[in-house]
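Understanding the architecture of this molecule
Residues per chain are reported as follows:
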Amino acid sequence: MNANPNPRTRRPLIAANWKMHKTVAEARAFLEAFLPLVRDVQGAEIAIAPPFTALQTVGELLRDTGIALAAQDVFYEPQGAYTGEISPPMLRELGCRYVIVGHSERRQLFREDDALVRRKLEAVFEHGLVPILCVGETLEERRAGRTEAVLERQLRAAVEGLSAEWVGELVVAYEPVWAIGTGETASPQDAEAGAKFLRSWIRELFGAGTAERVRVQYGGSVKPENARELMTENVDGALVGGASLDPQKFAGIVKEAAAAVSIS
Ligand code: PGA
């Protein structure tokens, strides 16, 4: 556990990824319990990514709270004959600020490849939204010593050639696939190593100023009990799945993470 708050210039972002959980009624009940718990939290930004069906209601309930609305996915065209898809302008209209792009479940279960992730990421930026780009290695890749190669490939495909201005706004979620939904959290050392590698790679391509602005989250079995120690030097928040479904647990994570950093 960090005895002293970790100083930094970036404001950590603690984001809830509800995945395919919560009806509108359940989302409403969550917020009734959650909002009073985090009313006094300072020093960390909070975002909630409900399913598409609950975006409107959650957006209305978050108005004037300072908590950001996020979407879990998006399609890259603004409109058209794409049955079942949702466009960036549609998300904007509902008040979304963030959009999760390239989550490992989308990559694995829905065959999203680096090229598709890139198109989505660009579309998100073009429409004035902020992508939360998920990257991370599988257990097999880690065991083969390929973690850095995988992170570099995913990040390069997503951002190479974009403007430094856009990239500086980006949130990257380092999510080792083996730690997602498994209860097996990366050690703070592993989380820091991944985040540091991602930031140094951005520094190489876009310069130190941009690299300092990018927020790198850790994701994968984050809980109130480990949130504080995971906020290492290069880790600026968390992307939380399972534990974000419970208002007490998610509020606990937010408070632990906020207490772990001091913003200069
Ligand atoms: P988890 O999910 O917290 O349930 O491991 C994290 C994520 O998929 O973003």
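Below is a short write-up of the structure. (Residues numbered from 1 in each chain as written. Predicted model: local features only at pLDDT ≥ 70, side-chain atom pairs only at ≥ 80, totals over all residues. Heavy atoms only, no water.)

Next up on the list: unusual backbone geometry. Positive phi, normally seen in glycine, also occurs at Lys 19, with a value near 55 degrees. When you line up the elements, Lys 19 lands in the loop between strand S2 (13–17) and helix H1 (24–37). Residue Ser 221 is not a glycine yet carries a positive backbone phi of 55 degrees. Secondary-structure assignment places Ser 221 in the loop between strand S8 (215–219) and helix H11 (224–230). Judged by its relative accessible area of 15%, Ser 221 is buried. (Helix = DSSP H or I, 4+ residues; strand = E, 2+ residues; numbered from the N terminus. Buried < 20%, exposed > 50% of the residue type's maximum accessible area, 1.4 Å probe, protein only.)

So, about the nonpolar core. Grouped burial of nonpolar side chains is what soluble globular proteins tend to show. Of all hydrophobic cores here, the largest spans 70 residues; its most connected members are Phe 34, Ile 48, Val 58, Val 159, Tyr 218 and Phe 250. With near-sequence residues (within four places) excluded, Val 159 lies in contact with Arg 118, Leu 121, Val 167, Leu 170, Trp 201 and Phe 206. Core analysis: the next-biggest nonpolar cluster, separate from the first, contains 14 residues, Leu 13, Ala 68, Ala 70 and Ile 100 among them. (Core = buried A, V, L, I, M, F, W, Y, C linked by side-chain atoms within 4.5 Å. Contact = heavy atoms within 4.5 Å.)

Moving on, we get to the packing of aromatic side chains. Tallying each qualifying case throughout the model produces six aromatic pairs. Taken together, a centroid distance of 5.2 Å and an interplanar angle of 25 degrees make the contact between Phe 34 and Phe 250 stacked. Of this pair, Phe 34 sits in helix H1 while Phe 250 sits in helix H12 (residues 247–260); the two residues are 216 residues apart in sequence, bridging distant segments of the chain. Grouping residues by exposure puts Phe 34 and Phe 250 together as buried. Centre to centre, the rings of Phe 125 and Trp 166 are 5.0 Å apart; their planes meet at 15 degrees, and the pair counts as stacked. Of the two residues, Phe 125 is situated in helix H5 (residues 114–126) and Trp 166 in helix H8 (residues 164–169); the sequence distance between them amounts to 41 residues. Ring pairs connect the aromatic residues Trp 18, Phe 30, Phe 34 and Phe 250, which therefore count as one cluster. Sitting over the face of the ring of Tyr 76, Arg 119 holds its NZ or CZ atom 3.9 Å from the ring centroid. (Phe/Tyr/Trp six-rings, centres within 6.5 Å; stacked < 30°, edge-to-face > 60°. Lys NZ or Arg CZ within 6 Å of the ring centre and 35° of its normal.)

With that settled, the discussion passes to the site of the ligand. Close to the ligand lie 13 residues; Lys 19, His 103, Glu 175, Gly 181 and Ser 221 are nearest. Taking Lys 19, its side chain carries an N or O atom lying 2.7 Å from an oxygen atom of the ligand. Residue Ser 221 places a main-chain N or O atom 2.7 Å away from an oxygen atom belonging to the ligand. Starting from 280 Å² of accessible surface for the ligand in isolation, the protein chains cover 95%. (Near = heavy atom within 4 Å. Polar contact = N/O pair within 3.5 Å; in protein donor to acceptor, adjacent residues only side chain to side chain. Areas by Shrake-Rupley, 256 points an atom, 1.4 Å probe, with all protein chains shown as cover.)

The next thing to look at is H12. Within an α-helix, residues lying three or four positions from one another point in the same direction, as the helix has 3.6 residues per turn. Compared with an ideal rise of 1.5 Å per residue, which puts 14 residues at 20 Å, H12 spans 20 Å between its outermost C-alpha atoms and is within 8% of the ideal. For H12, the set of buried residues is Pro 247, Phe 250, Ala 251, Gly 252, Ile 253, Val 254, Ala 257, Ala 258 and Ala 260. Sitting at the amino-terminal end of H12 is Asp 246, which places a side-chain oxygen 2.8 Å from the backbone nitrogen of Gln 248. (Expected span 1.5 Å × (residues − 1).)

Time to look at the packing of helix H7 (residues 147–159) against helix H9 (residues 188–206). H9 packs onto H7 with a crossing angle of 45 degrees between their chain directions and a minimal axis gap of 10 Å. The angle between H7 and H9 falls in the class oblique. H7 and H9 meet at a crossing whose hand is right-handed. Of H9, the residues touching H7 (which contributes Glu 148, Leu 151, Glu 152, Leu 155, Arg 156 and Val 159) are Gly 194, Phe 197, Leu 198, Trp 201, Ile 202 and Phe 206. Residues belonging to the contact of H7 with H9 are distributed by class as follows: eight nonpolar, one polar and three charged. (Axes fitted to C-alpha atoms, helices over the stretch in contact; angles between N-to-C directions. Parallel < 35°, antiparallel > 145°, perpendicular 65-115°, else oblique. Left-handed = near helix turned anticlockwise from the far one by under 90°. Nonpolar A, V, L, I, M, F, W, Y, C, P; charged D, E, K, R; others polar.)

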